[in-house]
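Close look at the chain arrangement
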Amino acid sequence: MNWRKVCAHDLYCGLLRPRYLWAMLIFMVPCIMKQIDLNFLGYRATWMDYMMGCFEGVNRVDPKTFQFPTMWLVIMGAGLFMNLDYLLGDLSLSGQQIIVRSGNRRGWYFSKCIWNLCSTALYLLLGSLGVLVFTILMGGVPSVANSPTVTEAFFPELYNTGFLIPVGEGLFMTLLLPYLHLAALSMVQMLLCLFCRPVFSFLLCMSQLMVAVYIYSPWVPGNGAMVQRNDMLNYFMGVSAGKSAIVAVAIIILCVVIGCLRFKKTDILAAVE
């Protein structure tokens, strides 16, 4: 069995799972919370406004007000949870036979890495589709451009609000950067499953998200997935979008390399026990 067939198997079995449909509902929850404020203000939001609300995160944690990004953690954590069980689950079913027949452990693990990246993309795409459905149901504008008045209402403390954000920058903040950081943490989680139990892998990655909330730096994974900390919006005090993207890509590459090397020496019988 060649590597392409293994990869096709992972994409078919790993992506066609009903659980991903929950992404649409998960992304709608922060949209509902934002809609309550919009109804009070009398504003109509666009798809981009709602997406910025989903990944707004928090600017800086103030001990006095304790503004905690609960919904941001839920969205990021749900993406990690959906990818938690597939590696060891597949290994306990047909994975061992596939490895024996193909004789290529690194190829088998690399296939899981491709599935992981595609799974994260599917989660975010379905989530953004849920936001689009919500936008239309609420009478909003299904546009990839933000509404300056809504942006200023959502982020009044930032310096660069009240302006029309270029479409490319908006998509970079609300889709690409969250994808890169969620994919990076998901790859770390899958790698950790080769060293410890999945539940500990998940908790360690969630702990990393908590660290990102309190440490304001582009070098800490998770910061780049918060719109409020992006220097494209928070012009004077934001973290560098470019640096945070580089960090996420570097983590993904590092996890692929380390994972392939580690899995070659992993006792696959003990791993599924």
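As a reminder, the structure under discussion sits directly above these lines.
Basis of the calculations
Residues numbered from 1 in each chain as written. Predicted model: local features only at pLDDT ≥ 70, side-chain atom pairs only at ≥ 80, totals over all residues. Heavy atoms only, no water. Helix = DSSP H or I, 4+ residues; strand = E, 2+ residues; numbered from the N terminus. Contact = heavy atoms within 4.5 Å. Areas by Shrake-Rupley, 256 points an atom, 1.4 Å probe, with all protein chains shown as cover. Buried < 20%, exposed > 50% of the residue type's maximum accessible area, 1.4 Å probe, protein only. Lys, Arg positive; Asp, Glu negative; His and termini not counted. Salt bridge = Lys/Arg side-chain N within 4 Å of Asp/Glu carboxyl O. Polar contact = N/O pair within 3.5 Å; in protein donor to acceptor, adjacent residues only side chain to side chain. Phe/Tyr/Trp six-rings, centres within 6.5 Å; stacked < 30°, edge-to-face > 60°. Lys NZ or Arg CZ within 6 Å of the ring centre and 35° of its normal. Axes fitted to C-alpha atoms, helices over the stretch in contact; angles between N-to-C directions. Left-handed = near helix turned anticlockwise from the far one by under 90°. Nonpolar A, V, L, I, M, F, W, Y, C, P; charged D, E, K, R; others polar. Core = buried A, V, L, I, M, F, W, Y, C linked by side-chain atoms within 4.5 Å. Expected span 1.5 Å × (residues − 1). Parallel < 35°, antiparallel > 145°, perpendicular 65-115°, else oblique.

Quick look at the overall build of the protein
Of the regular secondary structure elements, the protein holds 11 helices and 0 strands. Counting from the amino terminus, helix and strand elements in the protein follow one another as α-α-α-α-α-α-α-α-α-α-α. A separation threshold of at least 6 residues defines the contact pool for the protein, and within that pool the share at least 24 residues apart is 78%. With an accessible surface of roughly 12700 Å², the protein has 69% of that area assigned to carbon and sulfur atoms.

Comments concerning the side chain of R229
Within the secondary structure, R229 sits in the loop between α9 (198-214) and α10 (241-264). Within the buried set, R229 has no salt-bridge partner at all; the shortest N-O distance to an opposite charge, 9.9 Å, is to E157. At 2.9 Å, the side chain of R229 forms a polar contact with the backbone oxygen of V58. Dropping the residues within four chain positions of it, R229 is found in contact with V58, N59, A212, V213, Y214, I215, Y216, N223, G238 and V239.

Concerning the packing of aromatic side chains
Aromatic ring pairs are reported here in terms of the distance separating the ring centres and the angle at which the planes meet. For the structure on display, the rule yields 8 aromatic pairs. Where F27 meets Y123, the ring centres are 5.7 Å apart and the plane angle is 65°; that geometry is what we call edge-to-face. Taken together, the residues span a long stretch of sequence, with F27 in helix α2 (residues 22-41) and Y123 in helix α6 (residues 105-137) at a distance of 96 residues. The two residues F27 and Y123 agree in class, both being buried. Each member of the aromatic cluster is reached from another via a ring pair, and the members are F27, F55 and Y123. One cation-aromatic arrangement involves K34 over F154; the distance from NZ or CZ to the ring centre is 4.6 Å. In this structure, R262 is placed above the aromatic ring of F195, and the distance from its NZ or CZ to the ring centre is 4.4 Å.

Examining the side chain of N83
Here N83 lies in the loop between α4 (70-82) and α5 (86-102). Of note is the side chain of N83, whose polar atom sits 3.3 Å from the side chain of T120. If near-sequence neighbours (up to four positions away) are discounted, N83 is found in contact with Y20, W115, N116, S119, T120, S186 and Q189.

Re the packing of helix α8 (residues 167-192) against α9
Any two packed helices are characterised by the angle at which their axes cross and by the distance between the axes. At a minimum axis distance of 8 Å, the contact between α8 and α9 shows a crossing angle of 150°. Relative to α9, the crossing made by α8 is right-handed. Residues L185, V188, Q189 and L192 of α8 form the contact with α9, whose own contacting residues are S201, F202, L204, C205, Q208 and L209. For the contact of α8 with α9, the class distribution of residues is 7 nonpolar, 3 polar and no charged.

Looking at the nonpolar core
Core analysis: the largest hydrophobic core is formed by 79 residues, its most contacted members being F55, W72, Y109 and Y123. Looking at this core element by element, the count peaks at 11 residues for α8. Among residues more than four places away in sequence, those in contact with Y123 are A23, I26, F27, I75, A78, G79, M82 and L182.

As for α4
Note that an α-helix has 3.6 residues per turn; residues three or four places apart therefore point the same way. Helix length check: α4 (13 residues) gives 18 Å between terminal C-alpha atoms against 18 Å at 1.5 Å per residue, within 8%. Within α4, 10 of the 13 residues are buried, which leaves it mostly tucked inside the rest of the structure. Along α4, the positions that sit buried rather than exposed are M71, W72, L73, I75, M76, G77, A78, G79, L80 and M82. If you follow the buried residues of α4, they end up packed against α2, α3 (47-54), α6, α8 and α9.

Examining the pattern of salt bridges
All chains considered together, the criterion is met by 4 salt bridges. Between D85 and R19 there is a salt bridge, with the nearest N and O atoms lying 3.0 Å from each other. Separated by 66 residues along the polypeptide, D85 in the loop between α4 and α5 and R19 in the loop between α1 (3-15) and α2 bring together distant segments of the chain. The partner of K34 in a salt bridge is E56, and the shortest N-O contact between them spans 3.1 Å. In this pair, K34 is assigned in helix α2 and E56 in the loop between α3 and α4, connecting sequence segments 22 residues apart. Take K34: its relative accessible area is 12%, and that puts it in the buried class.

Topic: the packing of α3 against α8
At a minimum axis distance of 9 Å, the contact between α3 and α8 shows a crossing angle of 40°. The orientation of α3 with respect to α8, classified from their angle, is oblique. α3 and α8 meet at a crossing whose hand is left-handed. For the pair α3 and α8, the contacting residues are W47, M48, M51 and M52 in the first and G170, L171, T174 and L175 in the second.

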